[in-house]
Amino acid sequence: IFSWFNTEVVVDGRCRSIYVSEDSLMPVYLDIHRQLQEARDAVTKYNTRTSPRVLILGNANHGKFTLAQTLLEYAVRNGESPLFLDLDICSGNISVPGCLTACVMSKDSHYATYAQKMLLSPLVEFYGSTSCMDNPELFKHCLTSVASRVNERLANDEEVAHGGLIVDGGSWYK
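Calculation notes
- Residues numbered from 1 in each chain as written.
- Predicted model: local features only at pLDDT ≥ 70, side-chain atom pairs only at ≥ 80, totals over all residues.
- Heavy atoms only, no water.
- Helix = DSSP H or I, 4+ residues; strand = E, 2+ residues; numbered from the N terminus.
- Buried < 20%, exposed > 50% of the residue type's maximum accessible area, 1.4 Å probe, protein only.
- Contact = heavy atoms within 4.5 Å.
- Areas by Shrake-Rupley, 256 points an atom, 1.4 Å probe, with all protein chains shown as cover.
- Expected span 1.5 Å × (residues − 1).
- Core = buried A, V, L, I, M, F, W, Y, C linked by side-chain atoms within 4.5 Å.
- Salt bridge = Lys/Arg side-chain N within 4 Å of Asp/Glu carboxyl O.

**Quick word on the overall build of the protein chain**
And then number 1: Counting its regular elements, the protein chain contains six helices and five strands.
And then number 2: When the helices and strands of the protein chain are placed in sequence order, the string is α-β-α-β-β-α-α-β-α-α-β.
And then number 3: A burial count over the protein chain gives 41% of its 174 residues as buried.
And then number 4: Sequence separation of 24 or more characterises 63% of the internal contacts of the protein chain that already satisfy a separation of 6 or more.
And then number 5: Entry remark: accessible area of the protein chain is about 11,200 Å², with carbon and sulfur atoms responsible for 53%.

**A look at helix α2 (residues 64-77)**
And then number 1: Between its first and last C-alpha atoms α2 spans 20 Å; for 14 residues at 1.5 Å apiece the expected length is 20 Å, and the two agree.
And then number 2: When you tally the buried positions in α2, you get ten out of 14 residues, the bulk of the element.
And then number 3: Of the residues making up α2, those classed as buried are Lys-64, Phe-65, Leu-67, Ala-68, Thr-70, Leu-71, Leu-72, Glu-73, Ala-75 and Val-76.
And then number 4: The first or second residue beyond α2 is Gly-79, which carries a positive phi of 85°.

**As for the nonpolar core**
And then number 1: Core analysis: the biggest nonpolar cluster contains 18 residues, and Leu-83, Leu-85, Leu-100, Val-150 and Leu-165 have the highest contact counts within it.
And then number 2: Mapped by element, the contributors of at least two residues to this core are β2 (83-86), β3 (99-104), α5 (136-156) and β5 (165-168).
And then number 3: Here the element with the most residues in this core is α5; it accounts for five residues.
And then number 4: Beyond its immediate chain neighbours, meaning those up to four positions away, Val-150 contacts Leu-83, Leu-85, Ala-102, Leu-123 and Leu-165.
And then number 5: Formed by 17 residues, the second largest nonpolar core is a distinct cluster that contains Leu-36, Phe-84, Cys-103 and Met-105.

**Some details on the pattern of salt bridges**
And then number 1: By the definition in use, this model includes four salt bridges.
And then number 2: The shortest N-O distance in the salt bridge between Arg-34 and Asp-31 comes to 2.6 Å. Separated by three residues within a single helix, Arg-34 and Asp-31 lie in helix α1 (residues 26-41), roughly one turn from each other.
And then number 3: By relative accessible area, Asp-31 is classed as partly exposed at 31%.

As structure tokens, then:
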């Protein structure tokens, strides 16, 4: 739960632990969202601007998917339909581990369950390993295939193109 001001939370039943943090990345996440939304709002069919494309990179278990999910949810709440590309072959955030996956996040998916969200417009390329170094040529082929289909979707769907692209780059790079 994130709150700008003092908030009281009432828990009914037993609570094993409570953690309250004075430090939060949410103000930073919200500022990133604000900047992305300003970039989206500047895009019209009458100018040459393109919607934002964001690549999130970092070490394993450092919040890349959390940031991506937060940016996607706030974009959807603003009426956008961004495309999410999950290159984290270790985690399987959308599909199973070993897959490169893309899906459009929209109002339709916003009110669906987590599993239903991913079934509305998934693109799954099965690589079959959680390390890109197990078969670099196959990984490159899968990545190229997903990238071309993502670019095709962005080129042919104005609503998705306006929403932009958010990529969880995973932590497979070394």
